[in-house]
Amino acid sequence: MESNYNTGFPKVVIVGAGFGGIELAKALNKKEVDVLLIDKHNYHTFQPLMYQVATGSLEADSIAFSVRKNFEGQRNFRFRIAELKKINTAKNSIETSIGEIEYDYLVIATGSTNNFFGNKEFEKYTLPMKSIPEALNLRSAVLQNLETALLLSTPEEREPYLTFVLVGAGPTGAELAGSIAEIRNFILSKDYPELHKEEMKVYLVDALPKVLANMSEQASKKAQQFLEDMNVEVLTNVKVQTYDGTVISFEGGREIKTKNVIWSAGVMGVVPEGFSKEQIAKGNRISTDEINRVIGLNNVFSIGDVSSSVTEAMPKGLPGVAPVAIQQGKHLAKNILHIIKGEPTVNFKYNDQGSMATIGRNKAVVDMGKIL
Ligand SMILES: Cc1cc2nc3c(=O)[nH]c(=O)nc-3n(C[C@H](O)[C@H](O)[C@H](O)COP(=O)(O)OP(=O)(O)OC[C@H]3O[C@@H](n4cnc5c(N)ncnc54)[C@H](O)[C@@H]3O)c2cc1C
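Residues numbered from 1 in each chain as written. Predicted model: local features only at pLDDT ≥ 70, side-chain atom pairs only at ≥ 80, totals over all residues. Heavy atoms only, no water.

Digging into the domain arrangement of the chain
And then number 1: Assigned domains within the chain: domain 1 (2-114 + 267-341) and domain 2 (120-265 + 358-368).
And then number 2: For domain 1 and domain 2, the distance between their C-alpha centroids amounts to 32 Å.
And then number 3: Facing the 20 residues of domain 1 at the interface are 17 residues of domain 2.
And then number 4: When the two sides are added together, the surface that domain 1 and domain 2 hide from each other amounts to roughly 1,500 Å², 63% of it contributed by carbon and sulfur. (Domains from an automatic or database assignment. Contact = heavy atoms within 4.5 Å. Buried area = accessible area lost by both parts, 1.4 Å probe.)

Here's what the structure looks like:
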């Protein structure tokens, strides 16, 4: 049982071997703390390249990295495969799939998951892409539908199998739309010579007025142009309404027949049981202060996608991207050590180094951040 391990140093328990959790655990190397990292998987997922796994240009093991290997030689570090179920702040312990674990300092870095905004139909019938199993599932569904199309004799019958609708034109939707368009433009005629590429349609849909809404106007326009050049039909200001597995309908009445609806319209924090309502912010994220400490708690912290990070200095919070999680992980390590030594803490400040979205194999849009 993990709660028995004890070297006399304060125990820092980190939940989640994502970008934030890994960076934090590494930054505590050679410090006078015991680090226990738990994750429900024994691998770290490099999510930015997931769309390439979904579209077959990378294998899953190219984006999954062994957690243990990452920490070879770090003597104050342990890893356990375990799923966090509930936190018990009164007892300074967590309930997990391998039993109860005690902590002196707890860091929740559990990331985010798909948000279907309560729509059961979309949850049931669409294909999300937030984990490696989901990416592989998506890949297999796409290939299976192309195989099915081969067996059908009329264009009308083939239409739903050869039509791809991506809901959500953020980086995930835009990058995936580009990759699927490349399958049509470059692979279809080679691998499926009986299918006509003109019959394969790719739509990218968003309720907002532009693609890549979090990027600059220029990047957004350029990305849309790249996508349209690749024959992706971009539908902005369009809200999806229903989907029964074969027909997707939009506000205003338009319908598209498709067996391939890919959901990239939103994410929400993965929050364990045990927090109060006041500790949960918009997007199911954990409310934290300027040092990533959970509101109302002394020794519980949250970083990365699951942390809301809304403060006076950052009223809109921070984007759910890897650099935020990485920087918060590094910074929190320093603050935990300050707290242990009774020293003043330092507020977290995000250094935005810019963002990029790749459209197809050889095009990308970039917003440059501050160059230090
Ligand atoms: C398809 C896709 C593409 C992306 N592209 C980019 C990009 O190009 N650039 C960019 O900066 N960001 C990108 N992001 C966002 C980026 O991946 C996230 O912001 C980043 O992973 C957040 O890091 P994190 O440490 O908060 O959580 P994650 O990296 O998501 O890690 C969370 C970890 O917690 C574990 N976990 C969850 N629940 C539990 C539990 N109950 N018990 C135990 N373990 C648990 C999970 O298994 C996971 O390992 C992309 C995301 C996706 C989905």
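That was the structure; now back to the text.
Examining the site of the ligand
And then number 1: In the region of the ligand, 28 residues are neighbours, and Gly20, Asp39, Gln47, Leu84 and Asp305 sit closest.
And then number 2: Interatomic distance of 2.8 Å between a side-chain N/O atom of Asp305 and an oxygen atom of the ligand.
And then number 3: Residue Gly320 places a main-chain N or O atom 3.0 Å away from an oxygen atom belonging to the ligand.
And then number 4: If one sorts the elements of the shell around the ligand by residue count, helix α9 (residues 322-341) sits on top with 3 residues.
And then number 5: Looking at side-chain class alone, the shell around the ligand contains 13 nonpolar, 10 polar and 5 charged residues.
And then number 6: Looking at which domains feed residues into the shell around the ligand, each of domain 1 (2-114 + 267-341) and domain 2 (120-265 + 358-368) supplies at least three. (Near = heavy atom within 4 Å. Polar contact = N/O pair within 3.5 Å; in protein donor to acceptor, adjacent residues only side chain to side chain. Helix = DSSP H or I, 4+ residues; strand = E, 2+ residues; numbered from the N terminus. Nonpolar A, V, L, I, M, F, W, Y, C, P; charged D, E, K, R; others polar.)

Things to note about the nonpolar core
Note that soluble globular proteins tend to have their nonpolar side chains buried in a common cluster.
And then number 1: Ranked by internal contacts, the top residues of the largest apolar core, which has 46 residues, are Leu176 and Leu204.
And then number 2: Lining this core are residues from two domains, each supplying at least three of them: domain 1 (2-114 + 267-341) and domain 2 (120-265 + 358-368).
And then number 3: Ignoring anything within four residues of it in the chain, the contact list for Leu176 reads Tyr51, Ala54, Thr55, Met129, Leu138, Leu166 and Ile262.
And then number 4: Val35, Phe77, Tyr105 and Ile303 belong to the second-largest nonpolar core, a separate cluster that totals 24 residues. (Core = buried A, V, L, I, M, F, W, Y, C linked by side-chain atoms within 4.5 Å. Buried < 20%, exposed > 50% of the residue type's maximum accessible area, 1.4 Å probe, protein only.)

Topic: unusual backbone geometry
And then number 1: Phi is positive for Asn92, close to 50°, though the residue is something other than glycine.
And then number 2: Tracing the backbone through its elements, the reader meets Asn92 in the loop between β6 (84-88) and β7 (93-96).
And then number 3: On the accessibility criterion, Asn92 (28% relative accessible area) is partly exposed.
And then number 4: Phi at Asn231 is positive, roughly 70°, even though this residue is not glycine.

Here we look at the side chain of Gln74
And then number 1: If you trace the backbone, Gln74 turns up in the loop between α3 (67-70) and β5 (77-81).
And then number 2: For Gln74, the side chain forms a polar contact with the main-chain oxygen of Ala25, separated by 2.8 Å.
And then number 3: The contact partners of Gln74, leaving out residues within four places of it in the chain, are Ala25, Lys26, Leu28 and Asn29.

A word on the sheet that holds β6
As a general point, the strands of a sheet are linked pairwise by backbone hydrogen bonds and lie either parallel or antiparallel.
And then number 1: The antiparallel open sheet is built from 3 strands, whose spatial order is β6-β7-β8. Edge positions in the open sheet fall to β6 and β8 (99-102), since each of these has one partner strand only. The average undirected angle you get between the axes of adjacent strands in this sheet is 25°.
And then number 2: Pairing of β6 with β7, which is carried by 4 bridges, proceeds in the antiparallel orientation. Across the sheet, residue Asn88 finds its bridge partner in β7, namely Ser93. (Pairing = 2+ DSSP bridges. Axes fitted to C-alpha atoms, helices over the stretch in contact; angles between N-to-C directions.)

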